[in-house]
Amino acid sequence: MRERKNVYELPAGDTTLEWYSKAVVEMKSRPTTDPTSWNYQGAMHGFQANLPIWQGAAPLPSESEQRSYWNRCQHGSWYFLPWHRMYLAYFEQIVAQTIVDLGGPADWSLPFWNYSDTTNPDARTIPPAFTDPANSTNGLWISERNSDTIPANYVTLGALGVFPYTGDGITSELGFGGPRTAFSHSGRTHGRLEHLPHDMVHVAIGGAMGDPRTAALDPIFWLHHANIDRLWQVWLNQGNRANPGIAAWLNFGFNFHDKDGNVQMLTCIEVEDTTNLLSGYEYQGVPSSVPETGMLADIEPPNEMPLEVVAASNVAQPLSSKKTRLGLGLQPPRNKRMKFMAAEEFSPVPESTFLHFENITGTGVPPAYDVYLNVPDDDGGKEAHYAGSLAFFGVEEASTPSDHHSGSGQHYALDVSELMSQLRTLPNWKEEQLDVHLEPNSPPAEDASVVVGRISLYSA
Ligand code: C2O
């Protein structure tokens with residue numbers, strides 16, 4: 001059994017990262033046609049021949065091999081978590097074998113990067129071994145990164161408080177693990193954990209990590225995903241939570257290559273228990289049993305009221321490189337009591353309100369955008385109006401029609417329930433108008449653009 005350890009708690013003299021670096025250098029020296037090479041492993045997640053980082057990768061495997069094994073990552077899907085778990089397990093096996101072949105220890109395991117650890121002042125910074133020395137002798141360094149530090153807002157763990165694994169976020173709560181889909185390489189709606197912290201961390205680091213077609217070429221990708229995989233188990237351990245118990249999820253399978261380059265298939269049910277996956281692994285500090293689905297039969301979903309749209313902008317909105325501001329006209333939900341009334345009259349029953357950004361299309365790798373509601377004209381006390389952030393991870397692919405999707409773009413939802421109830425208590429609250437501000441977290445690159453098809457507010 002392997003133990004995947006916290007990268008910031010490796011004991012002095014530990015050689016985990018040193019061996020990881022050596023293995024990366026070795027894997028980079030293998031031809032792209034070798035399934036155990038760095039390039040092949042990265043291309044399984046995503047590949048696009050004309051992107052600069054992929055120049056020099058040729059010779060490539062045949063077109064048909066590429067179609068079968070490349071561009072497979074599952075996003076905007078309830079397969080997001082199991083697919084990435086499988087991907088990591090075989091990657092870890094390949095790295096571990098490479099280390100043994102190089103004369104290293106037999107028990108290497110992939111560490112995880114817990115950027116959300118508020119007890120560690122360095123937690124949100126990429127571990128130093130990945131940035132220093134900044135040259136190609138260091139297998140863990142890559143020049144294609146925009147930032148080494150993730151903003152605190154981008155690593156919060158509200159997702160762990162979500163009960164259902166799946167949900168579409170429109171007629172129901174957006175689930176922890178993503179909406180029910182078929183095979184989905186760049187799905188529309190990202191689940192709660194996938195959005196935050198997963199997508200936010202990708203886009204905050206930017207460069208290779210900012211785009212699914214290049215992300216897995218950055219060695220930090222794998223520690224980021226070990227953490228996301230760990231958070232899946234942390235979520236389950238809180239109780240009253242379960243993975244989908246139906247065949248469409250449990251029996252769905254994906255192909256990978258093992259350490260000898262042989263194709264192997266894994267299904268979701270086979271990876272629910274990490275202690276039985278390949279040689280088995282656990283995360284430091286995280287018990288790993290999988291709860292019985294049967295225990296959950298009596299538990300009510302927290303909110304069964306269907307969500308209704310109460311405001312919408314129906315004009316596509318290109319996001320500016322500075323500030324974008326637009327007003328949403330609010331209307332009371334049909335067939336229901338007035339929702340937006342003065343605070344004293346407001347029902348004490350907590351109300352779910354989601355701000356949706358629909359049909360987001362774009363080009364290049366846009367930065368993250370921070371969203372605020374009803375910011376005062378002088379920007380004073382803006383933080384109290386923060387609604388959340390949008391990552392647009394994979395937006396260019398999601399905007400391009402292909403075999404797997406229509407190209408209608410991405411869909412993000414922010415849970416603004418708490419913010420809305422606070423805003424209602426402010427003296428300048430107007431029940432008929434909500435102002436939405438969007439600001440890029442860093443200046444957009446010239447070739448990056450985003451258009452939000454529709455912004456809407458749903459409430460139950
Ligand atoms: Cu498939 Cu973090 O991406």
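Draft legend 1. The pairing of strand 11 (residues 410-415), seen in detail. Within strand 11, five of the six residues are buried, which leaves the element mostly enclosed by the surrounding structure. Across five bridges, the pairing between strand 8 (residues 353-363) and strand 11 is antiparallel. Paired with Phe-354 across the bridge in strand 11 is Asp-415.

Draft legend 2. Spatial organisation of the environment of Pro-366. Residue position: Pro-366 is located in the loop between strand 8 and strand 9 (369-373). On the accessibility criterion, Pro-366 (3% relative accessible area) is buried. In this structure the C-alpha to C-alpha distance between Pro-366 and Gly-394, which are 28 residues apart in sequence, comes to 9.6 Å. Excluding its chain neighbours within four sequence positions, the residues that come into contact with Pro-366 are Val-203, Ala-391, Phe-392, Val-395, Ala-448, Ser-449 and Val-450.

Draft legend 3. Seen up close, the nonpolar core. Ranked by size, the top nonpolar core spans 114 residues in total, and within it Tyr-20, Trp-113, Trp-222, Phe-357, Leu-373 and Leu-438 carry the most contacts. Take this core: its biggest share by element is 13 residues, from helix 4 (residues 80-101). Three or more residues apiece are contributed to this core by two domains, here domain 1 (2-283) and domain 2 (308-459). Those residues in contact with Trp-222 that sit more than four places away from it in its chain are Tyr-20, Trp-38, Gln-41, Tyr-87, Leu-88, Phe-91, Leu-110 and Ala-216.

Draft legend 4. Here's a closer look at the environment of Arg-213. In this structure, Arg-213 sits in the loop between helix 5 (192-205) and helix 6 (220-237). Taking the C-alpha atoms as reference points, Arg-213 and Ile-53, 160 residues apart in sequence, are found 9.9 Å from one another.

Draft legend 5. Local environment of the domain arrangement of the protein. The domains assigned to the protein are domain 1 (2-283) and domain 2 (308-459). Across the domain 1 to domain 2 interface the summed buried area is about 2,500 Å²; carbon plus sulfur atoms make up 58%. The interface formed by domain 1 and domain 2 contains two salt bridges. Among the salt bridges present, the one from Arg-213 reaches Glu-396, with a minimum N-O distance of 3.2 Å. Applying the counting rule to domain 1 against domain 2 returns nine residue pairs in polar contact (both at pLDDT 80 or more). Class assignment of the residues belonging to the side of domain 1 that touches domain 2 gives a composition of 10 nonpolar, 12 polar and seven charged.

Draft legend 6. Quick look at the sheet that holds strand 12 (residues 433-440). Taken together, the four strands give an open sheet; going across it, the order is 7-12-9-10, and neighbouring strands pair in antiparallel fashion. Strands with a single pairing partner mark the edges of an open sheet, and in this sheet they are strand 7 (324-329) and strand 10 (386-390). Within the sheet, the average angular offset between the axes of one strand and its neighbour, ignoring direction, is 25 degrees. In the sheet, strand 9 pairs with strand 10 via four bridges, with the strands oriented antiparallel. Counterpart to Tyr-372 in the pairing with strand 10 is Tyr-386.

Draft legend 7. Here's a closer look at the packing of aromatic side chains. Summed over all chains, the structure comprises 28 aromatic pairs. When the ring of Tyr-79 is compared with that of Phe-252, the centres are 4.3 Å apart and the planes differ by 20 degrees; the resulting orientation is stacked. You can see Tyr-79 sitting in the loop between helix 3 (63-69) and helix 4 and its partner Phe-252 sitting in the loop between helix 7 (247-250) and strand 2 (253-257), a full 173 residues away along the chain. Under the relative-accessibility criterion, Tyr-79 is labelled buried at 2%. For Phe-252, a relative accessible area of 26% gives the class partly exposed. A ring pair is formed by Tyr-369 and Phe-392, whose centres lie 5.8 Å apart and whose planes are at 65 degrees; its orientation type is edge-to-face.

Draft legend 8. Main features of the pairing of strand 12. Counted residue by residue, strand 12 has seven buried out of eight residues, so it is predominantly covered. By the bridge criterion, six bridges tie strand 7 to strand 12 in an arrangement that is antiparallel. Paired with Gly-329 across the two strands is Gln-433, which belongs to strand 12. With five bridges connecting them, strand 9 and strand 12 associate as antiparallel partners. Within the sheet, the bridge partner assigned to Val-371 lies in strand 12 and is Leu-438.

Scoring rules and cut-offs
- Residues numbered from 1 in each chain as written.
- Predicted model: local features only at pLDDT ≥ 70, side-chain atom pairs only at ≥ 80, totals over all residues.
- Heavy atoms only, no water.
- Buried < 20%, exposed > 50% of the residue type's maximum accessible area, 1.4 Å probe, protein only.
- Helix = DSSP H or I, 4+ residues; strand = E, 2+ residues; numbered from the N terminus.
- Pairing = 2+ DSSP bridges.
- Contact = heavy atoms within 4.5 Å.
- Core = buried A, V, L, I, M, F, W, Y, C linked by side-chain atoms within 4.5 Å.
- Domains from an automatic or database assignment.
- Buried area = accessible area lost by both parts, 1.4 Å probe.
- Salt bridge = Lys/Arg side-chain N within 4 Å of Asp/Glu carboxyl O.
- Polar contact = N/O pair within 3.5 Å; in protein donor to acceptor, adjacent residues only side chain to side chain.
- Nonpolar A, V, L, I, M, F, W, Y, C, P; charged D, E, K, R; others polar.
- Axes fitted to C-alpha atoms, helices over the stretch in contact; angles between N-to-C directions.
- Phe/Tyr/Trp six-rings, centres within 6.5 Å; stacked < 30°, edge-to-face > 60°.

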